[in-house]
Amino acid sequence: QVQLVESGGGLVQAGASLRLSCAASTRTFSTYAMGWFRQAPGKEREYVAAISWSGLTTYYSDSLKGRFTISRDNAKNTVYLQMNSLKPEDTATYYCAADQSTATLQRMQAIHYWGKGTLVTVSS
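Since the model is a prediction, treat every value here as computed from it, not as a measurement.

Some points on the pairing of strand S8 (residues 78-83)
- The buried count for S8 comes to five of six residues, which makes it a mostly enclosed element.
- Across six bridges, strand S3 (residues 18-24) lies against S8 in antiparallel orientation. Counterpart to Arg19 in the pairing with S8 is Gln82.
- With six bridges connecting them, strand S7 (residues 68-73) and S8 associate as antiparallel partners. Within S8, the position partnered with Arg72 by the bridge is Val79.

Notes on the pattern of salt bridges
- Using the criterion set out here, one finds three salt bridges in the structure.
- Two residues, Arg38 and Glu46, come together in a salt bridge whose shortest N-O distance is 2.7 Å.
- According to the relative accessible area criterion, Arg38 is buried, its value standing at 8%.
- A salt bridge links Arg38 to Asp90, with the nearest nitrogen and oxygen atoms 2.9 Å apart. Of this pair, Arg38 sits in strand S4 (residues 33-39) while Asp90 sits in the loop between S8 and strand S9 (92-99), placing them 52 residues apart in sequence. The exposure classification of Arg38 matches that of Asp90, with both residues buried.
- Overlapping salt bridges, with partners in common, bring together Arg38, Glu46, Arg67 and Asp90 in one network.

Each value, and the rule that gives it
- Residues numbered from 1 in each chain as written.
- Predicted model: local features only at pLDDT ≥ 70, side-chain atom pairs only at ≥ 80, totals over all residues.
- Heavy atoms only, no water.
- Buried < 20%, exposed > 50% of the residue type's maximum accessible area, 1.4 Å probe, protein only.
- Helix = DSSP H or I, 4+ residues; strand = E, 2+ residues; numbered from the N terminus.
- Pairing = 2+ DSSP bridges.
- Salt bridge = Lys/Arg side-chain N within 4 Å of Asp/Glu carboxyl O.

Everything listed is a geometric property; what it means functionally is a separate question.
This is the structure:
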């Protein structure tokens, strides 16, 4: 099993930036595609971004591209989500996940590993 631990969430004002981190406790981290997802209160979990095992290819939900950036550092077994110009509607619990491919992550189908999430609250 792959253990994933998110960190970096908190309470910020609209317009602020946050960088979320997801640390994986496995030496095989570099073999997995990684993704970020979020779930707002009362809503279903939604896809945010994904990155290939090499870090050379990234994907974003259409509504978030331009404000959010996903990256990874395989030497540190960590994936990041840089969030800029945060809006109140970005308030959610953010989860990282690992799976075989970015395609599977984008479809949110049969994702093998999930973190427990970190809460991001954006005040207006």
